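Chain by chain, the residues run as shown.
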Amino acid sequence: MRPPEQELEYLGDPETSPLRDSGSNHSPTHLGPSEEEGRKQRGVGSPYLFIQLNELLGSPQNQEWRETGRWMLFEEKLDLEARRWSRPHLPILSLSSIFELRALLTTGLVLLDCPVQSLSELTEQVTRVEALNPEVRERLKLVLLQRPRHHMQPMCWSAARRLGTSLCRGGHPTEMPSSAEEPPLKEQLQSPLWQKLPPGTEAAAVLVGELDFLTQRLGVFVHLPEPVVLGTLTEVPLPIRFIYIILGPPALGKGYHEMGRAAAVLLSDQRFRCSVGQASSPQDLASAVDVFLGEVMVLPPGGGDLTERISPSKCLSVLHKRLPLRLQESKDSCNGNVNSKRDRHGYEHEPQAVSKELQRTGRLFGGLVQDIRRKATWYLSDFSDALDVQSFSAILYIYLATITNAITFGGLLGDATDNIQGVLESFLGTAVAGSIFCLFAGQPLTILSSTGPVLVFERILFAFSRDHGLDYLPFRLWVGIWVAFFCLVLVATEASVLVRYFTRFTEEGFCALISLIFIYDAIGKMLSLTEAYPIYRPGLSEDTGFAPSGCFCYFPDTKGNMSLWKGQSPENKDAALRMVLGLANVSLLSPPECALRGGQPRGLGCHSVPDIAFFSLLLFFATFLCATILKHFKSSHFFPSKVRKVISDFSTVLAILLGCGLDASLGLSTPKLIVPIEFKPTHPGRRWLVPLFGANPWWVCLATALPALLMSILVFMDQQITAVILNRKEYQLQKGAGFHLDLFWVAMLMLLTSAFGLPWYVSTTVISLAHMDSLRRESATCAPGELPHFLGIREQRLTGLVVFILTGLSIFLAPGLKFIPMPVLYGIFFYMGMAALNSTQFSERVKLLLMPAKHQPDLLLLRHVPLSRIHLFTTVQLVCLGLLWAVKSTAAAIVFPLMSELIYQLMAPEINISVN
């Protein structure tokens, strides 16, 4: 029989979860709720409960209490022979043990709200049983007052654990609440389990055993109104809330042991603890056991191996759904849930309230003013919240991604505009625009960059100006002025509130398209290396009959050179042997030695280097695989959790260092990162400040309004779809979005970059998602067997600001950056595209198309939506994505975000999947 899975309420909420971020400040001395809260809640919303099972073991003359099991959310058994704890697993109980425990609760001693302050006081209360004579009572006291023997886990990686202690508990681990009993042992304070427990954890002790001087079973259940540390009763010195004592005469089998496990499992269930807090009689406890039995799952005889230790599920059920109805209602109202509605197909949909950022004010620039007021309150914390080592790894990661993106799009822009704009303009524009945006924007986690659709629009503008004899930069300046004007009109009229109508179809299609562009460009750049560095394939030369990819030394006059082989090394003698075998005019000397001896090097290998293309592919895939493996290293079983987390945070940095080290060790001339070393425009015939008209006629300022209107639509959709993706509720952002403020600064930067002839910038989806992923906050402490919980994103401005400042300084860092191979950076590009693509539900549903039903994972989506409807939705998305890719390759790419929504409305009006 398997008990229900358990989970603390509000695990995903960083404000209410006991698993807060390690950087938050807690008081380690407060290990339980206040007296007023304790009387009010009585176990509801209580912190973690550590439960320890102590058994009386040994001969009747030399019995001692020994720890044999412990629980947090899951069970850990002590393997006595191996002297080690088992891995956390779901406990499997027998029904008979629970029924026996229920009977003992109704007939035994129940002390509810027992005010004791020490273990001696507790033993006095426990031994007040009328059936015990004075002699038995005294002997029982001596047994209960014995110090138990705990199994202390060896302190492996002790230095790393001590290093992370202050982060785990928010203070020094030895800070303890006061106790009337003896102080905690040194071993208790150095226990790895004590250093990992979350703040506020309480304890429960279950004592079971056989005593030959007892004639009948003795069961005592104690509930303390306020938790108290009772000496060394438990392995870790925590305040104890519950105590259950089960003693009796010797019996056959494992009756007492299994009853103790059943009691521990009952106490590990928060709903049972809630009922205990409200109980007033033993009958109430029996009723709580009945409720527990009503939710257990039973394995029939022979249905499984009872000795098997079942691993915990990675996705636990939401706890408040198992609490009493009145508590569910109170929590629903606190969380702002609304009544669910059903569509005409019978599927439930929970309407979401419109956020404050997307509500109209009815005033010009009203949304912008509200965004400024809302973000001003967080401005100082946007810098202080960045003071964490995680921010350092994010800066390195995003910096390398940003300069790679700047070089890539700068090179493409130079090809599209005949070097009127190039890599230097891309670096300067990225640094200036990105820094200003991070300082003043509403969502500073957004990374500005050139994007594929904007690059296509630039190419169209340049071709149009060239074909019509117009001066490109002044023509582009007026387009930028009009775009800024149209965007300001959109800000003034609060057009950003329309983003609430963007559907999952539009968001996923846009994110998938941008991710595929990154993947396509990374692979395309790698394939282009085969043209710059050809792969030499083996074959025979028509002139000499030898492989052209090799290198041979050809001697026209063999007689005059045969004497040169006398007295040579064994390697040269091998060459002489080849001449004797019919190749008398050919040797294997290196080209320099061949020329010194009067020979002629023949073959393509004489003038080529090793296959750079193959080695570049090796660097490309090695960087991608290393970044992927190290990113998921935090869920592995190697090294302590702190070490795993650091490796995961610096995964991309370590992957880049590995690629650079591999390249440097072989010394091959792979293509390296090229950074401008002089601060001057790429085109020698242009100045930094663009004139208003140049050689263009006056009517250009009016004619550019039409292409500017199309560009404004592109900027609005590109910017706001990215903003919607970044501000999804699953990221649990606490400081809110700033749709109007972001669009305002994009308009201002459009004006600035146009005036100086710099590239245009909007939010880039892939790098922004990578930025947020590098700033994920997870719980630093968790129960054994429980995975760390996502706590949100480290919202701040400093990482983006430093990234763009470093991008501007990269011109002066050229001596160091020139050693980074470009295949390594392309591998990071490929990794970012794959990571962004895998973060969408769309990729999961594409996998379902290729997977038989019996092998499909147990997704929440499959429980609420028919599979045929999911496949139809995914197929339509794939078709639309193919059409959008085709449109992207033409001049119509400037309106591809609108095409996504239009195609959805035309082709899939009845498809709706609302389960996230």
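Note that the structure is a prediction, hence the values are computed from the model and not measured. (Residues numbered from 1 in each chain as written. Predicted model: local features only at pLDDT ≥ 70, side-chain atom pairs only at ≥ 80, totals over all residues. Heavy atoms only, no water.)

Colleague: Give me the lowdown on the overall build of the protein, citing residues and values where you can.
Modeller: Regarding its fold elements, the protein presents 36 helices and 17 strands. Long-range contacts, defined as pairs at least 24 residues apart, comprise 80% of the intrachain contacts of the protein with a sequence gap of at least 6. Roughly 41,900 Å² of accessible area belongs to the protein as shown, and the carbon and sulfur atoms make up 61% of that amount. (Helix = DSSP H or I, 4+ residues; strand = E, 2+ residues; numbered from the N terminus. Contact = heavy atoms within 4.5 Å. Areas by Shrake-Rupley, 256 points an atom, 1.4 Å probe, with all protein chains shown as cover.)

Colleague: Explain the packing of helix H27 (residues 705-726) against helix H28 (residues 739-755) to me, using residue names and the numbers behind them.
Modeller: Axis separation between H27 and H28 bottoms out at 11 Å; the angle between their running directions is 140°. By the angle between their directions, the pair H27 and H28 is classed as oblique. Along this stretch, H27 crosses H28, giving a crossing that reads as right-handed. Every residue of H28 that contacts H27 at Met711, Val715, Phe716, Gln719, Gln720, Ala723 and Val724 is listed here: Phe739, Asp742, Leu743, Val746 and Met750. (Axes fitted to C-alpha atoms, helices over the stretch in contact; angles between N-to-C directions. Parallel < 35°, antiparallel > 145°, perpendicular 65-115°, else oblique. Left-handed = near helix turned anticlockwise from the far one by under 90°.)

Colleague: Give a description of the confidence of the model for the protein that names residues and reports values.
Modeller: Summary statistics for the protein give a mean pLDDT of 75 and a share of 73% for residues scoring 70 or more. The low-confidence segment residues 573-584, where pLDDT is below 50, has 14 contacts with residues more than four positions distant or belonging to other chains. (pLDDT = per-residue confidence, 0-100.)

Colleague: Got a sec to walk through the sheet that holds strand S6 (residues 202-210)? Specific residues and values, please.
Modeller: Strand pairing in a sheet takes place through backbone hydrogen bonds and is either antiparallel or parallel in direction. Strand order in the open sheet formed by eight strands is S4-S3-S2-S1-S6-S8-S7-S5, and the pairing between neighbours is mixed. Here the strands that pair on one side only, and so sit at the sheet edges, are strand S4 (84-85) and strand S5 (109-112). Alignment of strand S3 (residues 75-79) against S4, held across two bridges, turns out to be antiparallel. Looking across to S4, one finds that Leu78 is bridged to Trp85. (Pairing = 2+ DSSP bridges.)

Colleague: I'd like a description of the environment of Ser313, backed by residues and values.
Modeller: By the secondary structure assignment, Ser313 is in the loop between helix H11 (282-293) and helix H12 (325-335). Residues Ser313 and Glu786, spaced 473 residues apart in sequence, show a C-alpha to C-alpha distance of 8.8 Å.

Colleague: How would you summarise the nonpolar core if you had to cite specific residues and measurements?
Modeller: Soluble globular proteins: nonpolar side chains tend toward being buried together. By size, the foremost hydrophobic cluster in this structure holds 114 residues, and its most contacted members are Val479, Val483, Met711, Val715, Trp760, Ile793 and Met832. Discounting residues that sit within four places of it in the chain, Val479 has contacts with Phe457, Leu461, Thr704, Pro707, Ala708 and Trp760. One finds Trp194, Leu207, Val236 and Ile245 within the second-largest nonpolar core, a separate group that totals 44 residues. (Core = buried A, V, L, I, M, F, W, Y, C linked by side-chain atoms within 4.5 Å. Buried < 20%, exposed > 50% of the residue type's maximum accessible area, 1.4 Å probe, protein only.)

Colleague: Please set out unusual backbone geometry residue by residue, giving values where relevant.
Modeller: The backbone of Glu494 sits at a positive phi, close to 55°, despite the residue not being glycine. Following the sequence through the fold, Glu494 ends up in the loop between helix H18 (472-492) and helix H19 (504-532). You can call Glu494 buried: its relative accessible area is 3%. Residue Gln732 is not a glycine yet carries a positive backbone phi of 55°.

Colleague: Run through a nonpolar patch on the surface, naming residues and quoting values.
Modeller: Together, Ile805, Leu809, Phe812 and Leu813 make up a nonpolar patch on the protein surface, roughly 400 Å² of accessible area in all. With respect to the helices, strands and loops of the structure, Leu809 is situated in helix H30 (residues 798-809). (Patch = residues over 30% accessible without salt bridge, like charges linked within 9 Å, V, L, I, M, F, W, Y side chains within 5 Å. Salt bridge = Lys/Arg side-chain N within 4 Å of Asp/Glu carboxyl O.)

Colleague: Can you break down the pattern of salt bridges residue by residue, with the values?
Modeller: If you walk through the whole model with that rule in mind, you get 22 salt bridges. Between Arg241 and Glu202 there is a salt bridge whose closest N-O contact spans 3.0 Å. Here Arg241, found in strand S8 (residues 240-248), pairs with Glu202, found in strand S6; they are 39 residues apart in sequence, far enough to count as distant. Note on Glu202: relative accessible area 4%, which makes it buried. Across the salt bridge formed by Arg728 and Glu730, the nearest N and O atoms sit 3.9 Å from each other. Since its relative accessible area comes to 16%, Arg728 is described here as buried. Within this structure, Asp382, Asp385, Lys735 and Arg797 form a network of salt bridges that share partners.

Colleague: Can you explain the environment of Phe620? Please cite residues and give values.
Modeller: Mapped onto the secondary structure, Phe620 falls in helix H23 (residues 612-631). For the pair Phe620 and Met526, spaced 94 residues apart in sequence, the C-alpha to C-alpha distance is 8.0 Å.

Colleague: Could you give me a rundown of the side chain of Ser450, with the residues and numbers involved?
Modeller: Structurally, Ser450 is set in the loop between strand S11 (448-449) and helix H17 (452-467). For Ser450, a relative accessible area of 12% translates into the label buried. Excluding its chain neighbours within four sequence positions, the residues that come into contact with Ser450 are Asn405, Phe409, Pro759, Trp760 and Tyr761.

Colleague: Could you give an account of the packing of H18 against H28, naming the residues involved and the relevant values?
Modeller: In the contact formed by H18 and H28, the axes pass within 8 Å of each other and the chain directions differ by 165°. Classified by the angle between their axes, H18 and H28 sit roughly antiparallel to one another. Crossing of H18 against H28: the hand is left-handed. Between H18 and H28, the contacting residues are Arg476, Leu477, Gly480, Ile481, Val483, Ala484, Cys487, Leu488, Leu490 and Val491 on the first element and His740, Leu743, Phe744, Ala747, Met748, Met750, Leu751, Thr753, Ser754 and Ala755 on the second. Of the residues assigned to the contact of H18 with H28, the class counts are 15 nonpolar, four polar and one charged. (Nonpolar A, V, L, I, M, F, W, Y, C, P; charged D, E, K, R; others polar.)

Colleague: Please set out the packing of aromatic side chains residue by residue, giving values where relevant.
Modeller: For the structure shown, the criterion picks out 16 aromatic pairs. Measuring from ring centre to ring centre gives 5.2 Å for Phe462 and Tyr472, while their planes differ by 80°; the resulting arrangement is edge-to-face. You can see Phe462 sitting in helix H17 and its partner Tyr472 sitting in helix H18, a full ten residues away along the chain. Judged by its relative accessible area of 3%, Tyr472 is buried. Through successive ring pairs, a cluster of aromatic residues spans Phe620, Phe621, Phe624 and Phe830. (Phe/Tyr/Trp six-rings, centres within 6.5 Å; stacked < 30°, edge-to-face > 60°.)

Colleague: Tell me about helix H2 (residues 95-107), and please be specific about residues and values.
Modeller: Taking 1.5 Å of rise per residue, the 13 residues of H2 would be expected to cover 18 Å, and the 19 Å separating its terminal C-alpha atoms lies within 8% of that figure. Of the positions making up H2, those classed as buried are Ser97, Ile98, Leu101, Leu104 and Leu105. Taken around the axis of H2, the buried residues stretch over an arc of 125°, which confines them to a single face. Those residues of H2 hidden inside the fold are in contact with S5, strand S7 (218-228), S8, helix H9 (255-268) and H11. (Expected span 1.5 Å × (residues − 1). Arc of directions from axis to C-beta.)

Colleague: An account of the pairing of S3 is requested, with residue identities and associated values reported.
Modeller: Of the pairings in the sheet, the one linking strand S2 (residues 64-71) to S3 comprises three bridges and is antiparallel in character. Paired with Trp71 across the strands is Glu75, a residue of S3. Connecting the antiparallel pair S2 and S3 is a turn made up of three residues. Counting the residues that bridge the hairpin from S3 to S4 gives four residues, and of these Arg83 lies at a positive phi of roughly 55°.

Colleague: Describe the environment of Ser465, naming the residues involved and giving the relevant values.
Modeller: Looking at the element boundaries, Ser465 is found in helix H17. Given the relative accessible area of 1%, Ser465 is considered buried. Sequence separation between Ser465 and Asn696 is 231 residues, and the spatial gap between their C-alpha atoms is 9.9 Å. Residues within four places of Ser465 in sequence aside, it is in contact with Leu470, Tyr472 and Phe475.

Colleague: Quick rundown of the side chain of Asn696? Include the residues and the values.
Modeller: With respect to the element layout, Asn696 can be found in the loop between helix H25 (651-666) and helix H26 (700-703). In this structure Asn696 touches Leu470, Asp471, Pro474 and Phe475, once residues within four positions along its chain are discounted.

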